[in-house]
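This is what each chain is made of:
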Amino acid sequence: MAKSKKTTVDRRSFLKTAAGAAGLVAIPPVIQARPDDPKPRGVTPIMPKDAEVREPASVESLTTNRTGSDFMVDVIKALGFEYVIANPGSSFRGLHESLINYGDNKNPEFITCCHEESSIAMAHGYAKIEGKPALTLAHGTVGLQHATMGIYNAFCDRAPIYLIVGNSIDATMRRPGVEWDHSVQDSAAIVRDFTKWDDLPISLPHFAESAMRAYKIAMTPPMMPVVLVADSELQERPISDGEKFHIPKMTLTSPPQGDTGAVAEAARMLVAAENPVLIADRVGRTPAGMTHLVELAETLQAPVIDKAGRMNFPSRHPLNHSARAGRLIAGADVLLGLELTDFWGTVNSFTDQLHRSSKPITRAGAKLISITSGDLYDKSNYQDFQRYTEVDLAIAADAEATLPSLIEAVKMQLNNDRKSAFADRGQKLATAHHQAIEHVREEAAYGWDASPITTARLSAELWNAIKGEDWSLVSEPGAGGEWALRLWNFDKYYQFIGGSGGAGVGYGSPAAVGAALANRKHGRLSVNIQNDGDLMYAPGVLWTAAHHQIPLLSVMHNNHAYHQELMHIQRMANRHNRGIDRATIGTTITDPNIDFAKLAQSMGWYAEGPITDPKELGPSIQRAVAAVKRGQPALVDVSSQPR
Amino acid sequence: MIDQKRSGVLIARVISRFFLLMAIGVVILGQTSVSAQNQKAAAKAGAAAPGNSDNGKMVFTSQNCGSCHGADAQGGVGPLIGPPPGTMAQFVVSVRQPTGQMPAYSDKQVSDQEIADLYAYLKTMGSPAQAAVTLTGNAAHGKQIFTSYGCYQCHGYVGQGGAAGVRIAPPPISLKAVMAYIRQPTGQMPPYTSKVVSDQDVADIYAYLQSIPAPPPVKDIPLLNQ
């Protein structure tokens with residue numbers, strides 16, 4: 001075969017040359033056959049006799065030492081990704097191979113998932129522990145379609161997801177059949193309404209710049225998912241020895257801080273207030289968030305309501321008054337909302353009866369201050385931005401980044417009279433906090449020995465088993481009836497990661513595995529209270545945890561139902577005066593009850609259950625903790641009360 | 001896709017009502033401690049002239065007490081207060097210095113005399129015994145329909161409450177109050193009309209809730225003293 005004299009070889013010119021040379025050399029059938037051609041059944045192709053005397057095709061024309069995807073891995077490594085989390089797909093086969101061979105499967109290490117929703121949700125949980133994204137990959141069409149739920153949750157949760165999708169943009173280069181089904185003109189269109197930025201680089205230098213830009217955009221508050229499309233030809237294009245490509249420097253954007261004047265005004269209002277209330281939702285973007293919020297609260301001696309979008313405030317701090325939220329909001333004269341996902345819903349009550357109604361729960365004349373990065377960037381199609389709130393001062397900024405200047409502004413406005421008033425207020429709040437804690441414990445005692453097991457008992461038993469460890473609760477806020485948040489002592493940044501954001505069921509189990517993956521190198525015991533319905537969306541993530549030896553303790557809150565929806569259907573039946581005993585149709589997961597212990601064991605977990613006797617729960621959890629400490633994920637299936 | 005966002009609002013509202021009921025329930029069960037400040041408030045209000053029930057009725061309406069305590073003060077999200085369960089002094093404290101979720105009413109909002117009038121009005125509303133429904137409940141049947149009618153979904157199988165519904169065992173309000181509330185709930189609870197749940201069914205459920213034993217004291221549960 002005539003060799004090309006070009007020093008730069010790309011696939012197109014190679015194929016043209018090969019086609020032209022085909023008439024000069026009779027290519028043996030075994031080389032000519034394309035992998036996708038259907039073969040007659042029962043016929044094994046054999047090498048023809050004349051192949052022994054024919055000159056073989058040049059090996060150089062079928063292999064290359066370096067490809068575009070190798071350079072992509074160079075860029076990926078420059079971004080510092082620890083893991084690439086993905087379900088494999090042919091549209092990124094080049095990148096996949098480069099990651100595991102050229103990149104030696106290190107930084108990032110390939111984490112195999114059984115569903116793209118799992119890989120995105122794993123990356124979501126990971127990011128909230130590590131404070132940075134993991135790399136995720138998805139097949140350009142069907143893989144990305146699977147992934148959309150996870151991307152939407154992360155978007156609503158304002159979490160960084162970094163996703164590269166494979167695609168075959170050149171129609172003349174697609175293999176017939178499946179590759180056409182898996183190709184799309186505009187890959188990111190399906191998720192553009194709930195991602196922050198996307199691009200389709202058409203050259204390797206373009207890829208490098210866009211990769212850096214995507215990372216920077218994802219990590220600038222408000223953080224959101226970003227998508228980069230890696231065309232298959234760009235991945236698989238050979239790179240000659242002489243080709244060099246530049247990797248741009250990555251410089252992260254400083255998070256936006258609040259306007260100086262507005263911050264000073266906020267400080268003035270808070271200092272002057274007799275009953276200020278601080279309400280925190282997604283303040284804790286880094287460990288500094290909790291530290292700053294504690295300082296602000298202590299400076300003002302103001303109660304904090306933690307809405308648990310992140311780990312915002314220590315649970316047993318005397319200024320934590322999350323349990324008294326309703327009363328405090330009703331009595332407040334100034335309310336400061338910090339990265340609230342739903343300020344309107346926080347200060348209004350809404351009744352879901354036949355005729356819906358709402359009314360403010362704040363007192364007349366109460367002033368509302370909002371500090372949120374959400375005001376900097378929003379999209380319109382999906383309505384996660386909640387209802388418009390009439391606030392008195394709106395500061396468009398990252399709350400955590402703004403807190404230091406707000407604290408300083410508050411301190412500058414303090415005088416002895418206000419300090420004295422604050423001290424008096426603080427004493428009363430400390431007493432009320434203690435009373436609230438006692439009240440929570442009294443409430444937890446109801447149904448203590450009941451079967452199904454109460455969520456209070458479940459949470460208390462679990463706390464008893466893990467309180468001496470360096471633990472991290474990687475569940476959603478509502479898991480286990482929120483008893484963990486009410487009973488446990490949270491005082492470290494990584495001990496809680498908030499929820500899914502979009503409330504899309506199926507987030508819980510993979511996010512827990514992803515967070516546990518991040519916790520692993522820190523030696524933390526990751527603990528998950530796992531809802532049964534959530535796990536059934538994509539239980540294959542259990543295999544991922546076992547395969548990659550991700551230590552995680554999952555205690556099931558198994559109420560045998562999609563219980564939220566069960567209550568909704570019950571409401572409808574009641575409203576219509578019919579079928580009030582039929583709401584379980586289409587909502588419960590019974591008959592048979594799923595054996596989650598066997599399910600987990602089948603995928604390599606240590607597992608016990610179902611536990612129905614509360615007296616057996618503590619010992620079972622202890623055994624599971626021991627398994628996790630040995631490096632194996634463990635699950636305890638608990639037959640639980642509904643909420 | 002599942003309507004979790006709306007459900008989240010539902011849960012948040014129910015949670016706030018949950019704490020309101022529980023905290024007020026603490027007051028009505030006499031668990032309020034009387035501090036020096038409370039004694040001062042009680043003494044001050046006690047110096048007011050004897051209450052006028054007609055004026056008290058107007059106060060009850062103007063201050064919107066019925067939104068929590070029911071239009072006839074028989075309870076709702078808040079407990080039964082007609083008649084008030086304690087003395088005048090205790091009533092003053094529960095208005096001025098509530099320990100639960102009830103908002104405090106200062107003397108700028110409700111004067112001492114108005115509290116006395118309100119107390120007089122509530123005392124005219126008859127005793128719980130007179131208001132009692134005469135139905136006798138069947139606890140075994142009540143347990144069965146407590147599940148089949150879906151009550152357990154929010155309140156738990158033993159009425160212990162949870163994130164979606166308040167604790168109702170032991171029942172903090174009278175059978176009459178329960179019946180009135182489930183027919184015309186003022187909060188998030190869906191209505192159970194007599195068309196789908198008869199008065200006898202309600203009595204049976206009430207009997208079941210009354211049959212549920214009280215929990216052990218918290219001090220006897222080591223896991224709750226960590």
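Now for a quick tour of the structure. These numbers come from a predicted model, not from an experiment.

So, how was this worked out
- Counting from 1, residues in each chain are numbered in the order their sequence is written.
- Chains and ligands are labelled by the order in which they are written, letters from A for the one and numbers from 1 for the other.
- Predicted model: local features are reported for residues with pLDDT of at least 70 only, side-chain atom pairs are reported and counted for 80 or more only, and whole-chain, interface and lining totals are derived from all residues.
- Numbering of helices and strands runs from the N terminus, with a helix taken as a DSSP run of H or I at least four residues long and a strand as a DSSP run of E at least two residues long.
- Contact between two residues is assigned whenever their backbone-derived C-beta positions fall within 7 Å.
- As a working rule, the residues Ala, Val, Leu, Ile, Met, Phe, Trp, Tyr, Cys and Pro are called nonpolar, Asp, Glu, Lys and Arg charged, and the rest polar, with Gly in that last group.
- A strand pair is defined by DSSP finding two or more bridges across the two strands.
- Angular values range over 0 to 180 degrees, each being the angle between N-to-C directions of two axes fitted as lines to C-alpha atoms, with helices fitted over their stretch in contact.
- Small angles under 35 degrees read as roughly parallel and large ones over 145 as roughly antiparallel, with 65 to 115 read as roughly perpendicular and the rest as oblique.
- Crossing handedness is read from the near helix: turned anticlockwise from the far helix by less than a right angle, it gives a left-handed crossing, and turned clockwise, a right-handed one.
- With C-beta atoms placed from the backbone, the exposure class of a residue follows from how many other C-beta atoms lie within 10 Å of its own: 20 or more, buried; 12 or fewer, exposed; in between, partly exposed.

A few words on the overall build of chain B. Summing up its helical and strand segments, chain B has 11 helices and 0 strands in all. The helix and strand sequence of chain B, counted from the amino end, reads α-α-α-α-α-α-α-α-α-α-α. Expressed as a percentage of contacts within chain B between residues at least 6 apart in sequence, the contacts between residues at least 24 apart total 78%.

By a widely used convention, the size of an interface equals the accessible area lost when the partners come together. With 49 residues of chain B at the interface, the matching set in chain A holds 53 residues. When contributions to the side of chain B that touches chain A are tallied by element, the ones reaching two or more residues are helix H1 (4-28) and helix H9 (151-155) of chain B. Looking at the side of chain B that touches chain A, its residues break down into 28 nonpolar, 16 polar and 5 charged.

Residues and elements named next belong to chain A. Read from one edge of the open sheet, 6 strands run E2-E1-E3-E4-E6-E5, paired in parallel fashion. Each edge of the open sheet carries a strand with a single partner, namely strand E2 (109-112) and strand E5 (197-199). Here the strands of the sheet are splayed against their neighbours by 25 degrees on average, with no regard to which way each runs. Against the sheet, helix H8 (residues 204-218) engages strand E4 (162-167), E5 and strand E6 (226-231), with an angle of about 165 degrees to E6.

Residues and elements named next belong to chain A. One can describe the packing of helix H11 (residues 287-300) onto helix H14 (residues 399-413) by two numbers: an axis separation of 9 Å at closest approach and a directional angle of 20 degrees. In this view, H11 runs roughly parallel relative to H14, as classed from their interaxial angle. Between H11 and H14 lies a crossing whose hand is left-handed. Taking contact as the criterion, the partners of Ala288, Gly289, His292, Leu293, Glu295, Leu296, Thr299 and Leu300 in H11 are, on H14, Glu400, Leu403, Pro404, Leu406, Ile407, Val410 and Lys411. The residue inventory of the contact of H11 with H14, partitioned by class, reads 9 nonpolar, 3 polar and 3 charged.

Residues and elements named next belong to chain A. Residue Pro221 is joined to Pro222 through a cis peptide bond whose omega torsion reads -5 degrees. Look at the link from Gly609 to Pro610: it is a cis peptide, with omega at 5 degrees. Along the polypeptide, Pro610 turns up in strand E17 (residues 606-611). For Ala503, which is not a glycine, the phi torsion comes out positive at approximately 55 degrees. At Gln549, a position not held by glycine, the phi torsion is positive, near 55 degrees. Structurally, Gln549 is set in the loop between helix H20 (541-547) and strand E16 (553-557). Among the residues examined, Gln549 registers 12 C-beta atoms within 10 Å and is labelled exposed.

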